[in-house]
Each structure stands twice: as structure tokens, then as C-alpha cells.
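Close look at the chain arrangement
For reference, the chains in residue letters:
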Amino acid sequence: ELEDQYSPSRWSPRLDRDTIIDAHLAVTAAGTERARASTHTSLHVPYGSGDGEKLDIYLPTDPCGTFPVLVYIHGGYWQCLSKDESGFAAPPLVSQGVAVVAVGYDTAPKGHMDTMVLQVRRSLAFLVEQYPGIRGIYLCGHSAGAHLAAMVLSTDWTEFRVVPDIKGTVLVSGVYDLEPILHTYVNDALKMSREVAQRNSPMRHVALVVPAACEVLVAVAQHDSPEFRRQSQEYSQALRAAGWSVSLLDLAGVDHFDIIEKLSEDSYVLTQVGRRTDQVG
């Protein structure tokens, strides 16, 4: 039962489980190719010395002065996908003056959970240090990427010498308590111990010092599994109880995959949220 609950491909009414992941890869890769062809980019920018520690940056047409940045953290259950399929959301945002950054990190089995969390945190510190024109950072993570984005919210930034101005976070179909993962096939590649899972579970590390300007949107799909839906509800409740400004958005008619694929569409509700960064930034 737990294996089923943590297998998003089993819950979509659109496509069967054998084809939906391939379809998702095709959609995001094609969208990223279009974004790279149509926007001003700085690709494979190293934020560290590791092979996977690179960023793809999609810049507004006229990036003079200051501009907000949406940092996108890809999913793939911490073991597949990459920044190279993560630029598909850029065109509608870049056209509104928002820079988009796709974060690369070392996925399993090469990457350990502690390492991935640290890499994403370091990528934000690097952005702040290298791009003084940034006017507010907005995080967006999907699935495993939502988990990593949520871990960013619990960061003690004192060791990083900078404090990113995170004004908003959009967490899409994420996992916020890793303990159930220990008992599924997902952990075969991750090889997490209970201690590692607990240390890297956002549910267990909700920061009590709340950034005044940071709004969190927790989005979940109608056709996500009951466990994914439960995790989103409970994490949003935990944030709210700690004093965070948080909204839970339950999106009808989408599954675990097209809930994020539609970010390439100008009229999609989550795209509209991203575009509002230009007004509130």
C-alpha cells in the first residue's frame, strides 16, 4: 500500500504508469529547449566545484537595474531529471521581467540527501553574492524539488555569510516527511537511514523565526495520491501553526505531472502566481 501511495505514476487518470513518466520527460525537455532558444541565457554556471553544481539562468530581455528571480528546483524523486529539463517555465516569466534560475544538484546514487539539501542552499547563497541586481528571490519546487525548497526555509544562514531575501515559495506536490519513504522502493537508491530522513524532513524543522515578507503557497493536485495530499495539508498546517503566511491550493483536474508542466502556459494559475513576483518584488 505504501509503495502505491508513493508511486505518483499510478494515480493519473490521463496516462498509464508506464507512459506518463516518459511523457513528462518529453514535455519538460521540449519546453526547456524552446526556452533556451527564445530567451537570453547563461547556462551551466558553476556555483560549486561538483559536477552537478551548476545553474541555468534565463534572463529578462532588459536585465538592467534590479529584477526578481524565480529559482526552480526540479523533482525526480532525488534520483532523476536535471536542470536540463527545468527551464520550461521560463518564457512567460522572463517576458514579465522575472529571471528564472534552474538549479542542478547531485541526484542519487551519487548524491546523498544531506548533500542535495546543502547544494540547494549553497546555490542560493551563490546567487545572492554574484548577482547584486536581484530584487527578491522566489522559490518553486516540484515533488522532490518541493522538499528541497521546503528545507531551504529551515536554513540557518549564519554559516553562509549571506541571507537570501526569500519573498515567496511555491511548493508543488511535495514530500515533507521522509520517514514513509524509508519503507518504499524510493529509498533503494537514496539509502537513507532513519536519522538522515528525520534530519531532512521539513515537517520536523519548521523555522519559528518567520521572515516577515515570505509567503508560502503549498499546491497539490486533485490526482496526487492520498499520501501526497495528506503531506501537503499537514505541512501547510505546521507552517501556519508556527506563524508563517501560508496558503494551500488544491488544484482540480491535474495530476502529479501536469500540475507543474502547465507552468509553461501563460494563463495557468501557478504561472500567474510567479508573474505576480514582479509586482510584489
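Right above here is the structure, for reference.
This structure is a prediction, so every number in the text was calculated from the model and none was measured. (Residues numbered from 1 in each chain as written. Predicted model: local features only at pLDDT ≥ 70, side-chain atom pairs only at ≥ 80, totals over all residues. Heavy atoms only, no water.)

**Some points on the overall build of the protein**
Definition in use: In DSSP terms, a helix is any run of H or I states spanning at least four residues, a strand is any run of E spanning at least two, and both are numbered starting from the N terminus. The quantity called the radius of gyration is restricted to C-alpha atoms. Its globule counterpart is 2.2 Å times the number of residues to the power 0.38. Contacts were defined at the residue level, with two residues in contact if any of their heavy atoms lie within 4.5 Å. All accessible areas in this document rest on Shrake-Rupley with a 1.4 Å probe, and a residue is counted as covered only by the protein chains that are shown.
When helices and strands are counted, the protein shows 11 helices and 8 strands. The C-alpha atoms of the protein give a radius of gyration of 17 Å, which matches the 19 Å a tight globule of 281 residues would have. Across its three principal directions, the C-alpha atoms of the protein cover 55 × 40 × 35 Å. For the protein, the proportion of contacts with a sequence separation of at least 24, taken over those separated by at least 6, is 76%. Looking at the protein as shown, the accessible area adds up to about 11500 Å², and 52% of this sits on carbon and sulfur atoms.

**Here's the deal with helix α2 (residues 17–38)**
Since one α-helical turn is 3.6 residues long, residues separated by three or four positions face the same way. Going by this rule: To estimate how far a helix should reach, multiply one less than its number of residues by 1.5 Å. Burial here depends on accessible area, computed with a 1.4 Å probe over protein chains only, as a share of the maximum for the residue type. Under 20% is buried, over 50% is exposed, and the range in between is partly exposed. The arc under discussion is defined with respect to the helix axis, by the directions toward the C-beta atoms. Polar contacts, as counted here, are pairs of nitrogen or oxygen atoms within 3.5 Å of one another; within protein the pair requires one atom able to donate a hydrogen and one able to accept it, and residues that are adjacent in sequence qualify only if both atoms are side-chain atoms.
For α2, with 22 residues, the first-to-last C-alpha span of 32 Å sits near the 32 Å given by 1.5 Å per residue. Taken as a whole, α2 has its buried residues at I20, H24, T28, G31, T32 and A35. Along the axis of α2, the buried residues cluster in a sector spanning 100 degrees; they form a single face. Exposed positions of α2 whose direction lies more than 90 degrees from the buried face are D18, D22, E33, R34 and A37. Buried residues in α2 make contact with β2 (54–59), α3 (90–94), β5 (134–142) and α9 (258–261). Taking the backbone nitrogen of D18 as reference, a side-chain oxygen 2.9 Å away marks D16 as the first, capping residue of α2.

**Some details on the sheet that holds strand β1 (residues 40–46)**
Applied cut-off: At least two DSSP bridges between two strands are needed for those strands to be called paired. Fitted lines through C-alpha atoms give the axes, limited to the stretch in contact for helices. The angle between two N-to-C directions lies from 0 to 180 degrees.
Sheet architecture is open: 8 strands sit in the order β1-β2-β4-β3-β5-β6-β7-β8, paired in mixed fashion. The open sheet terminates on both sides in strands that have one partner only, identified here as β1 and β8 (245–251). On average, each strand axis in the sheet is inclined to that of its neighbour by 15 degrees, with strand direction left out of account. For β1 and β2, the ladder comprises 5 bridges, and the chain directions are antiparallel. When the bridges of β2 are listed, S42 appears paired with I57. Most of the contacts of helix α4 (residues 113–130) go to β5, to which it runs at about 160 degrees, and overall it touches β1, β2, β3 (67–73), β4 (99–103), β5 and β6 (166–172). Relative to β5, helix α5 (residues 144–152) is tilted by about 135 degrees, and along the sheet it contacts β3, β5 and β6.

**Points about the packing of aromatic side chains**
Selection rule: Within 6.5 Å between ring centres, the rings of Phe, Tyr and Trp (the latter by its six-membered ring) count as paired, and their orientation is classed by plane angle as stacked under 30 degrees, edge-to-face over 60, tilted in between.
Applying the stated criterion across every chain, the model contains 6 aromatic pairs. Plain terms: the ring middles of Y6 and F228 are 5.7 Å apart, the flat faces sit at 50 degrees to each other, and that makes the pair tilted. On the criterion of sequence distance, the pair formed by Y6 in the loop between α1 (2–5) and α2 and F228 in helix α8 (residues 226–241) is long-range, its members being 222 residues apart. Both residues of the pair, Y6 and F228, belong to the buried class. Residues Y72 and F88 carry aromatic rings whose centres are separated by 5.6 Å and whose planes lie at 80 degrees to one another, so their mutual orientation is edge-to-face. Remark: F88 occurs in the loop between β3 and α3 and Y72 occurs in strand β3; sequence separation between them is 16 residues. Both residues of the pair, Y72 and F88, count as buried.

**Observations concerning the pattern of salt bridges**
Basically, it comes down to this: For this analysis, a salt bridge means a side-chain nitrogen from Lys or Arg found within 4 Å of a carboxyl oxygen belonging to Asp or Glu.
For the structure on display, the rule yields 18 salt bridges. For K110, the salt bridge identified is with D51, shortest N-O distance 3.4 Å. Here K110, found in the loop between β4 and α4, pairs with D51, found in the loop between β1 and β2; they are 59 residues apart in sequence, far enough to count as distant. Given the relative accessible area of 56%, K110 is considered exposed. Here E227 ties to R230 by a salt bridge, and the two come within 2.7 Å at their closest N and O atoms. A residue pair is termed a helical-turn pair when its members lie 3 or 4 positions apart in one helix, as E227 and R230 do in helix α8 at 3 residues.

**Observations concerning the environment of L153**
In this fold, L153 is placed in the loop between α5 and β6. In sequence terms L153 and L81 are 72 residues apart; their C-alpha atoms lie 23 Å from each other. Residue contacts for L153: discarding those within four places in its chain leaves T169, A207, C214, V216, Y235 and W244.

**Some remarks on the nonpolar core**
Quick note on the threshold: In this text, buried Ala, Val, Leu, Ile, Met, Phe, Trp, Tyr and Cys residues form a nonpolar core when linked through side-chain atoms within 4.5 Å.
V71 and W78 are the most contacted members of the largest nonpolar core, which totals 62 residues. Ranked by the residues each element gives to this core, the list is headed by α4, at 8 residues. Not counting residues within four places of it along the chain, the set of residues in contact with W78 comprises T107, A108, M113, M116, A144, H147, L148, V175, L178, I181, V186 and L190. Counting 25 residues, the second-largest nonpolar core is a separate cluster that includes Y58, V94, L217 and L251.

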